[in-house]
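What the coordinates show
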Amino acid sequence: MKTYVKKHTNKKAAAAHVEKIKKRGGQVTVFNEDGKYTIAYSFPDKKGKAKKKKLHDVLSPDGKTIRIHTPLFDSLKASKEYFDKWKLNYARQGYWSPKHGLIPMAKLKIYCKWIKV
């Protein structure tokens, strides 16, 4: 826990600062030295910091995202569901055509890249 020190010459300013610190959950000690108000304060360490949620994306065989006007996916399951819907766009012709040749619909999933962002 890091301790911060702040000096105030005005009693009202020092009291306002103490109130703000207490609202945020800090611990405060006030000293009066030579007409100046010294405030020593600290905040408790944060336990159990919120983990950043991992986002998912799917890249087509040519390395571009398959998302169209859609944000990144919250879960792998959501990305797989979107992939299945995206794949239906090419179902009529029976294959997907990247730069390197034709990929049959049955094997398209193998050639796509599933990434975490």
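Preceding block: the structure.
Residues numbered from 1 in each chain as written. Predicted model: local features only at pLDDT ≥ 70, side-chain atom pairs only at ≥ 80, totals over all residues. Heavy atoms only, no water.

**Focus: the pairing of strand S4 (residues 56-59)**
Where burial is concerned, the two faces of S4 agree: the one with His-56 and Val-58 and the one with Asp-57 and Leu-59 are both buried. As paired elements, S4 and strand S7 (residues 113-116) share four bridges and run antiparallel to each other. From the neighbouring strand, His-56 faces S7, where its bridge partner is Lys-116. (Buried < 20%, exposed > 50% of the residue type's maximum accessible area, 1.4 Å probe, protein only. Helix = DSSP H or I, 4+ residues; strand = E, 2+ residues; numbered from the N terminus. Pairing = 2+ DSSP bridges.)

**Topic: the packing of aromatic side chains**
How two aromatic rings sit relative to each other is set out by the distance from centre to centre and by the angle between their planes. Under the definition given, this model contains eight aromatic pairs. Geometrically, the ring pair formed by Phe-83 and Trp-86 is tilted, given 5.8 Å between the ring centres and 40 degrees between the ring planes. Here Phe-83 pairs with Trp-86, and both are found in helix H2 (residues 76-87), just three residues apart, close to one helical turn. For the residue pair Phe-83 and Trp-86, the accessibility class agrees, reading buried in each case. Ring plane angle 85 degrees and centroid distance 6.3 Å describe the contact between Tyr-90 and Trp-96, whose orientation is recorded as edge-to-face. (Phe/Tyr/Trp six-rings, centres within 6.5 Å; stacked < 30°, edge-to-face > 60°.)

**Concerning the sheet that holds strand S1 (residues 3-8)**
On the basis of which strands lie adjacent, the open sheet formed by three strands has the order S1-S3-S2 and antiparallel pairing. Two strands in the sheet have a free side with no partner beyond their single neighbour: S1 and strand S2 (27-33). Sheet twist, expressed as the average angle between the axes of neighbouring strands with direction ignored, equals 20 degrees. Two strands pair when backbone bridges link them, and S2 and strand S3 (residues 36-42) are joined in this way by seven bridges, in the antiparallel orientation. Residue Thr-29 lies in a different strand from S3, and its bridge partner there is Ala-40. (Axes fitted to C-alpha atoms, helices over the stretch in contact; angles between N-to-C directions.)

**Regarding the pattern of salt bridges**
Under the counting rule described, the total for this entry stands at one salt bridge. With a closest N to O distance of 3.0 Å, Asp-57 and Arg-67 form a salt bridge. Within this pair, whereas Asp-57 is found in strand S4, its partner Arg-67 is found in the loop between S4 and H2, the two being separated by ten residues in sequence. Residue classification places Asp-57 among the buried residues on the basis of a relative accessible area of 6%. (Salt bridge = Lys/Arg side-chain N within 4 Å of Asp/Glu carboxyl O.)

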